[in-house]
Structures are given as C-alpha cells and as structure tokens.
Amino acid sequence: MLNKSIDYIKKHKQLNNFVTYGVGQVFNLVTPILVVPYIVSICSEEGYGKIGVGLAISFFLMVFIDYGSDILGVKEVSINRENNENLEKIFVTIYSAKFILLLIVLAITSVLFYTAPFFNHEKKLFFLSLPILIGQFINPTWFLQGLENFKWITILNIISKVLYVIGIFVFIHEPNDYIYNNLLWGLGMIIANSIVFIYLWKRYSFSFNKTTLKEVKTYLKTNFSMFFSQIFVSLQMYSPIVLISFFGNNMMAGQYKIIDQIIVIFRTYIILFFNFVFPRVCFLLDKSKNEGIKFWEKVNGLNFLFILFSTLFIAIFSLKIIDYFNPKNVLLISELLKIALMIPILQSIAQPLKQLMLGWNKQKEYINSVMTITIITLLLIVILTPIYKVFGALISLIISETLIISYYFYCIKNKLFIRSS
C-alpha cells in the first residue's frame, strides 16, 4: 500500500512537488519549536525581544536586496522556463543588480548602526545580523520557484535550518550570547544558498558576460515600483516588534515575539504556499483563464480549511503552547495569542487574492493598496501600542489584513466571476 502511494505521488508532478515542498516546510515549523524555549530560558524574554528586533530589521532590509525578484523575477522565469537563453539573461541581470544593492545596503546600515543611538546601543547584535543579507543575496529560491524546482528549494531549506539549530545549541550558553543568534541564522543561509547557487551555475552554464550595466540599470528602473511597494509590505510585517520595543520596552517586544513566533509558522507557510502556487497560477491564467481559476479555487480553498482548523487547534491549547516557550507571563501571552490567530486566517484569504492581482497584471493597484494600507497600519500601531501595549499592535494588524482583503476583492471581482467562453 505504501509503495503504491509513493508510485502515485511520483507519477503526478504537482502532487510530487507539493510533497517535496512540504517536507522542506516541516523544518520551518520544527525549528522554532526546538530553539525558542531554549533561547528564552537562557536569554530571557528581554533577550529574545532583542533578537526579534535584530531579525525584523534584517528581514526588512532583505526587500532592498530582492528588489521585487521574489515576485516579478519568479513570474519572468516561469514564463521563460523553456528558453535557456532568456533564463540566463534573467538570472545574471538580477544577480548583478542584487550585488550592487547588497553593497549599498551594507554601507548605509554600517554607518547607521554606529551613529543612531537606537542601533548603537546593540550594535554588536545588529552587525552580526548582516550575514543574513549576504545569505539573501545568494539565495536562488526565486529562480527555483519560477522553474517549480521544489526539490532544490527543499534541500537548501533543510541545510540552512539544520545548521542554525546546531549552532544555537553549540554556541548559546550565557544570557549575553543572544547576540550570536542572528549570526548563526545568516551563516546557515550563506552555506545552504551557496551550495544550490553553485549547482544552478554549473547546471545551466551561466555567464555574467551575458548582461551589461545598461541592462542592469533598465532592470532596476523597470522594477522600481514593485520594489517600492515591497518596502511597505516589509514594514507591515517586521516593523511592529521594532515599534513595540521603541514605544514600550524589550520585555513587551519579547512577549510579542513569542506570539509572532507561533503566528510566523502560519505566515511562513502561507507565503511559501503562495510561492508554490503562484508560478502555476500565472502559467495557467496565461494559457486559459477558466483552467487557471479552477486550479486557484481548488488549492486555495483546501489551504484555507487547513489554516482554519490549525488555528482552532492552537487556540484550544494556547495556554500549554505558551507555557512550553518558558515565558513569565504565560496567561497574558496565551490570551493575546488567541486574538493573534485571526491574522493567519485573514492572510489565508488575502494571499490567494494577491495571486490573482499579480497574475492579471494589476501591479499598479497592488502597489497603491500596499502603500496606503501599510501607512494606516503603522499609524494605528504607533497610536494604539502605547495605550494597549501588545494588544494594540495585534488589533492594528487585524484591521490591516481586513482592509487588504476588501480592496483586493474589489479590484478582481469582475474578472473572477466572469468566466471565458
């Protein structure tokens, strides 16, 4: 019976890809379960809050390195997957642009970490977080997503997470060792991504001579609007913990980070599910609107049910789950977690609508909505957090997701319900 199931999966490409991809995501789910209780027990909620701020800033800066390649780059690779000459042009042009951007970001952040009081106080932590940006520069996941090569995405993900977990238990033993957490994360990324980058380089025999500075400039100019919108997406995702730390304290930031560490499991899964489905949705919508919509409805409908039942399970056992992470204020954080679980439920609706927004080339509407809603969200966080603390930040994020869903649906409702003949 087991052998028949394995043979069935191997014969069906999409199912095989999904299972392969799912194996890699298990490591994303297991990693925080293994390391967060240990980190909190050694470094306390306050130390974990500092780690969270450092990670949030690094993840925000990633958007400057990616420069929209995680969306438009994936789409271009997906459409040109059968044309090796175009693939080479896309690959080397984007990586050349990313290298220039990496140097600029490293230079600016280094100066900022030394001069700005907020950063200077923890400059060791922030400087040791910079390898995360180097790892993201090397990261070839965007290219693999366009090719729907989920085998190698899984391989690099597993290597990265295993190295990070080993590093945590080997090098973090004292309260002040929290400064090494983000360094270990970055080193895991660099090693894993380098292995897969070298594989792709040899597999396709790419050469950086196939692009010019003019083409790199054209790429930067063409993708600027999408990159600019992604800045706001990152602000919305990663600024809450920084604002909580700034307007509150690192203890509050640690409480939020513990909640977010559970929510991020869902968010990471939803984003990665988006990355898995998005190339296929784009391909099918370009081929046949009806075929694309049917696929979109099926996979995203099942995913929504999975998220809904998973969050319900977390809510029921929230007290025990929070207690596992070793915080002091278990009851308070468990109640906040129940409220926060609305966020992944709403995201599991927003992300499928985003697939159609981008698949139907509504980039302008998408960009405008992201910028507007992010500004609203940040203002709500700044206003509500000093009054309602972590609860205020969570309510701000729930309002944000609700506004996103409403606007996306408004933009695509006509095309969604009018089928091609």
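Residues numbered from 1 in each chain as written. Predicted model: local features only at pLDDT ≥ 70, side-chain atom pairs only at ≥ 80, totals over all residues. Heavy atoms only, no water.

Peer 1: Help me understand the overall build of the chain in this model?
Peer 2: Looking only at helices and strands, the chain features 19 helices and zero strands. Expected size for 421 residues packed as a compact globule is a radius of gyration near 22 Å; at 21 Å, the chain falls within 12% of this value. Counting only C-alpha atoms and orienting by the principal axes, one finds that the chain spans roughly 60 × 50 × 45 Å. In the chain, which comprises 421 residues, the proportion classed as buried is 56%. Residue pairs at least 24 apart in sequence account for 83% of intrachain contacts in the chain once pairs closer than 6 positions are excluded. Looking at the chain as shown, the accessible area adds up to about 19,300 Å², and 67% of this sits on carbon and sulfur atoms. Here the chain holds 36 positive side-chain charges and 22 negative ones, and the gap between their average locations is 5 Å. (Helix = DSSP H or I, 4+ residues; strand = E, 2+ residues; numbered from the N terminus. Rg over C-alpha atoms; globule rule 2.2 N^0.38 Å. Buried < 20%, exposed > 50% of the residue type's maximum accessible area, 1.4 Å probe, protein only. Contact = heavy atoms within 4.5 Å. Areas by Shrake-Rupley, 256 points an atom, 1.4 Å probe, with all protein chains shown as cover. Lys, Arg positive; Asp, Glu negative; His and termini not counted. Charge placed at Lys NZ, Arg CZ, Asp CG, Glu CD.)

Peer 1: Explain the confidence of the model for the chain to me, please; I cannot follow it from the model alone.
Peer 2: Low pLDDT means the predicted atomic positions in that stretch should not be read closely. Per-residue pLDDT for the chain has a mean of 87; in total, 95% of the residues score no lower than 70. Ranking the helices and strands of the chain by mean pLDDT puts helix H7 (residues 131-138) first, with 96, and helix H1 (residues 2-11) last, with 46. With pLDDT under 50 throughout, residues 1-11 is counted as low confidence; its partners more than four residues away or in other chains account for five contacts. (pLDDT = per-residue confidence, 0-100.)

Peer 1: Would you mind showing me how to read a nonpolar patch on the surface here?
Peer 2: There is a patch of nonpolar side chains on the surface, built from Leu302, Leu305, Leu308, Phe309, Leu312, Phe313, Ile316 and Phe317 and spanning about 810 Å² of accessible area. By the secondary structure assignment, Leu312 is in helix H14 (residues 289-316). (Patch = residues over 30% accessible without salt bridge, like charges linked within 9 Å, V, L, I, M, F, W, Y side chains within 5 Å. Salt bridge = Lys/Arg side-chain N within 4 Å of Asp/Glu carboxyl O.)

Peer 1: Just checking my understanding: could you explain the packing of aromatic side chains for this structure?
Peer 2: Under the criterion given, the structure shown has 44 aromatic pairs. One aromatic cluster is present, formed by Phe91, Tyr95, Phe99, Phe137, Trp142, Phe143, Phe197, Trp201, Tyr204, Phe206 and Phe208 through successive ring pairs. The aromatic ring of Phe274 is capped on one face by Lys354, whose charged end is 5.0 Å from the ring centroid. (Phe/Tyr/Trp six-rings, centres within 6.5 Å; stacked < 30°, edge-to-face > 60°. Lys NZ or Arg CZ within 6 Å of the ring centre and 35° of its normal.)

Peer 1: I'm lost on the side chain of Ser129 in this one. Help?
Peer 2: Residue position: Ser129 is located in the loop between helix H6 (123-127) and H7. Side chain to side chain, Ser129 and Asn182 meet in a polar contact 3.0 Å long. Those residues in contact with Ser129, other than ones at most four positions away along the chain, are Gly54, Ser58 and Asn182. (Polar contact = N/O pair within 3.5 Å; in protein donor to acceptor, adjacent residues only side chain to side chain.)

Peer 1: Can you help me understand the packing of helix H16 (residues 330-340) against helix H19 (residues 390-417) in this one?
Peer 2: Two packed helices can be described by the angle between their axes and the distance between those axes. Where H16 meets H19, the closest approach of the two axes is 10 Å, and the angle between their N-to-C directions is 10 degrees. It follows from the interaxial angle that H16 and H19 lie roughly parallel. Note on element contacts: H19 touches H16 through Val390, Phe391, Leu394, Ile395 and Ile398, opposite Leu336, Ile339 and Ala340. In terms of residue class, the contact of H16 with H19 is built from eight nonpolar, no polar and no charged. (Axes fitted to C-alpha atoms, helices over the stretch in contact; angles between N-to-C directions. Parallel < 35°, antiparallel > 145°, perpendicular 65-115°, else oblique. Nonpolar A, V, L, I, M, F, W, Y, C, P; charged D, E, K, R; others polar.)

Peer 1: Can you help me understand the packing of helix H4 (residues 84-115) against helix H10 (residues 181-204) in this one?
Peer 2: In the contact formed by H4 and H10, the axes pass within 12 Å of each other and the chain directions differ by 145 degrees. The crossing of H4 and H10 is left-handed. Here Asn84, Phe91, Val92 and Tyr95 of H4 come into contact with H10, specifically with Phe197, Leu200, Trp201 and Tyr204. Across the contact of H4 with H10, the residue classes break down as seven nonpolar, one polar and no charged. (Left-handed = near helix turned anticlockwise from the far one by under 90°.)

Peer 1: Sorry if this is basic, but what is going on with helix H18 (residues 363-388) here?
Peer 2: Three or four residues apart is the spacing at which side chains of an α-helix point the same way, because the helix has 3.6 residues per turn. With 26 residues, H18 should reach 38 Å at 1.5 Å per residue; the first-to-last C-alpha distance of 35 Å fits that figure. Where H18 terminates, the next one or two residues include Lys389, which has phi positive at roughly 60 degrees. (Expected span 1.5 Å × (residues − 1).)

Peer 1: Hey, could you run me through the side chain of Asn223 in this one?
Peer 2: If you trace the backbone, Asn223 turns up in the loop between helix H11 (213-222) and helix H12 (224-247). Not counting chain neighbours up to four residues away, the residues in contact with Asn223 comprise Tyr67 and Leu72.

Peer 1: Explanation requested: the pattern of salt bridges in the structure shown.
Peer 2: Two side chains of opposite charge can pair, provided their charged atoms sit close to one another. A complete count under the given rule lists seven salt bridges for this structure. One salt bridge in this structure joins Glu122 and Lys50, with 3.2 Å as the shortest N-O distance. Note that Glu122 is positioned in the loop between helix H5 (117-120) and H6 and Lys50 in helix H2 (residues 13-66), a separation of 72 residues in sequence. Both residues of the pair, Glu122 and Lys50, count as buried.

Peer 1: Explain the nonpolar core here, please?
Peer 2: Soluble, globular proteins show a tendency: their nonpolar side chains are buried together. In this structure, Phe91, Trp142, Phe143, Leu356 and Tyr366 are the most contacted members of the largest nonpolar core, which totals 136 residues. For this core, the element with the most residues is helix H13 (residues 250-287), which contributes 19 residues. (Core = buried A, V, L, I, M, F, W, Y, C linked by side-chain atoms within 4.5 Å.)

Peer 1: Explain the environment of Ile198 here, please?
Peer 2: Following the sequence through the fold, Ile198 ends up in helix H10. The class for Ile198 is partly exposed, based on a relative accessible area of 44%. On a C-alpha basis, the gap between Ile198 and Pro140 in space is 9.8 Å, while along the polypeptide they are 58 residues apart.

Peer 1: When you look at the environment of Val242 in this model, what are you seeing that I'm missing?
Peer 2: With respect to the helices, strands and loops of the structure, Val242 is situated in helix H12. Remark: the alpha-carbon pair of Val242 and Ile42, spanning 200 residues in sequence, is separated by 22 Å. Setting aside residues up to four positions removed in sequence, Val242 forms contacts with Val53, Ala56, Ile57 and Phe118.

Peer 1: Even after reading the chapter, I still don't get the environment of Leu319, so can you show me in this structure?
Peer 2: Relative to the assigned elements, Leu319 resides in helix H15 (residues 318-324). Take Leu319: its relative accessible area is 45%, and that puts it in the partly exposed class. For Leu319 and Leu337, which are 18 residues apart along the polypeptide, the C-alpha to C-alpha distance reads 9.1 Å. When sequence neighbours within four positions are dropped, the list of residues in contact with Leu319 reads Val330, Leu331 and Ser334.

Peer 1: So what exactly am I meant to see when it comes to the state of the cysteines here?
Peer 2: When the sulfur atoms of two cysteines share a covalent bond, that bond is a disulfide. Within this structure, the stated rule accounts for zero disulfides. For the unlinked cysteine Cys282, the closest cysteine sulfur is that of Cys411, found at 17 Å. (Disulfide = S-S within 2.5 Å.)

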